[in-house]
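Analysis of the macromolecular model
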Protein chains: 2
Amino acid sequence: MIDFKWLQTEKKVAREAFDKAYQKECDVIIAKLKKMIKTTKEPDDIWRICDYLTEQRDRTDEKYDYRYSVLIFVFARLIKEGWLTEADLEGIGKDKIEKVQFLLTM
Amino acid sequence: MIDFKWLQTEKKVAREAFDKAYQKECDVIIAKLKKMIKTTKEPDDIWRICDYLTEQRDRTDEKYDYRYSVLIFVFARLIKEGWLTEADLEGIGKDKIEKVQFLLTM
């Protein structure tokens, strides 16, 4: 947990970046879902989709945590995984960006 | 619970009828799923599908109980709901059919 002060302008950038990454990740889930449904015929195929979605919900719920105390860690993880780039965080203070960059080297 | 004796030939008919109803009900779930997915764009749309499938799994798990001690009740319910007709149970002994018919009048 890090106790940074977030300015209103930074909060706006942070929220947009966060939502963008979440939407991108959900777009991948939707694409996979559409692919799965194409071959869905048997009851077990349905429950396989159900298991997949439950797993994705648990995984994204854990990852997309918008508390300011953990947001730097979230952003570092999203960049590492390719859902965001550093450019998406433009407008966020240098203190926070440096912390993200430090986390990316770990 | 009813303690009927089930002959091998009756078990075969029962299993086929049971599986047929389950598949029919699952086909409806699949059709609804395909319809839902067509308008899926936002993250919340995904989790709505996840909720829907979880609900359907709980509902069908509870309903499709293949223990011989409860099968007569299951068949009566499936006929009442339109997933089976009495003709699907042809080959099952008169004692059991009469019990199903009795349950249908309740």
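Residues numbered from 1 in each chain as written. Chains lettered and ligands numbered in written order. Predicted model: local features only at pLDDT ≥ 70, side-chain atom pairs only at ≥ 80, totals over all residues.

Scanning chain A for helices and strands turns up four helices and zero strands. The N-to-C order of helical and strand elements in chain A reads α-α-α-α. What you see for chain A is a C-alpha radius of gyration of 17 Å, clearly larger than the 13 Å of a compact globule of 106 residues, by over 25%. Judged by the C-alpha coordinates and their principal axes, chain A covers about 55 × 25 × 25 Å. When burial is assessed residue by residue, chain A has 24% of its 106 residues classed as buried. Contacts in chain A between residues far apart in sequence, at least 24 positions, make up 72% of those at least 6 positions apart. (Helix = DSSP H or I, 4+ residues; strand = E, 2+ residues; numbered from the N terminus. Rg over C-alpha atoms; globule rule 2.2 N^0.38 Å. Buried ≥ 20, exposed ≤ 12 C-beta atoms within 10 Å, placed from the backbone. Contact = placed C-beta atoms within 7 Å.)

Facing the 17 residues of chain A at the interface are 17 residues of chain B. For the side of chain A that touches chain B, the secondary structure elements donating two or more residues are helix 1 (8-38) and helix 2 (43-63) of chain A. Residues belonging to the side of chain A that touches chain B are distributed by class as follows: 12 nonpolar, three polar and two charged. (Nonpolar A, V, L, I, M, F, W, Y, C, P; charged D, E, K, R; others polar.)

By a simple turn and slide, chain A fits onto chain B: the slide is 0.0 Å along the axis, the RMSD is 0.0 Å, and the turn is 180°. Viewed as a symmetry operation, the transformation between the two copies matches a two-fold axis. Proximity to the rotation axis, assessed at the C-alpha, singles out cysteine 50 of chain A in chain A; its C-alpha lies 3.0 Å from the axis. (Least-squares fit on C-alpha atoms with pLDDT ≥ 70 in both.)

Taking 1.5 Å of rise per residue, the 31 residues of helix 1 of chain A would be expected to cover 45 Å, and the 45 Å separating its terminal C-alpha atoms lies within 8% of that figure. If you check which residues of helix 1 of chain A are buried, you get Ala14, Ala17, Phe18, Ala21, Glu25, Cys26 and Leu33 of chain A. Those residues of helix 1 of chain A hidden inside the fold are in contact with helix 2 and helix 3 (71-80) of chain A together with helix 1 (8-38) and helix 2 (43-63) of chain B. (Expected span 1.5 Å × (residues − 1).)

Looking now at the packing of helix 1 of chain A against helix 2 of chain A. Between two packed helices, both the angle of their axes relative to each other and the distance between the axes serve to describe the pair. Residue and element names in this part refer to chain A. Look at helix 1 against helix 2: their axes get within 11 Å of each other, and the N-to-C directions meet at 175°. Here helix 2 runs roughly antiparallel to helix 1, going by the angle between their axes. Contact residues: Glu25, Ile29, Leu33, Met36 and Ile37 in helix 1; Ile49, Tyr52, Gln56 and Thr60 in helix 2. Of the residues contributing to the contact of helix 1 with helix 2, the split by class is six nonpolar, two polar and one charged. (Axes fitted to C-alpha atoms, helices over the stretch in contact; angles between N-to-C directions. Parallel < 35°, antiparallel > 145°, perpendicular 65-115°, else oblique.)

Below, the discussion takes up the environment of aspartate 61 of chain B. Residue placement: aspartate 61 of chain B occurs in helix 2. It is 17 Å that separates the C-alpha atoms of aspartate 61 of chain B and leucine 84 of chain B, two residues lying 23 residues apart in sequence.

Attention now moves to the environment of lysine 32 of chain A. Along the chain, lysine 32 of chain A turns up in helix 1. Between the alpha carbons of lysine 32 of chain A and isoleucine 49 of chain A there is a distance of 9.7 Å; along the sequence they are 17 residues apart.

The next point concerns the confidence of the model for chain A. Per-chain confidence: chain A averages 96 in pLDDT, with 99% of residues scoring 70 or above. For this predicted complex, the interface confidence reaches an ipTM of 0.88, while the overall pTM sits at 0.90. (pLDDT = per-residue confidence, 0-100.)

All names here are of chain A. On the secondary structure map, tyrosine 66 appears in the loop between helix 2 and helix 3. By C-beta crowding, tyrosine 66 is classed as exposed, having 12 other C-beta atoms within 10 Å. Those residues in contact with tyrosine 66, other than ones at most four positions away along the chain, are Phe18 and Leu71.

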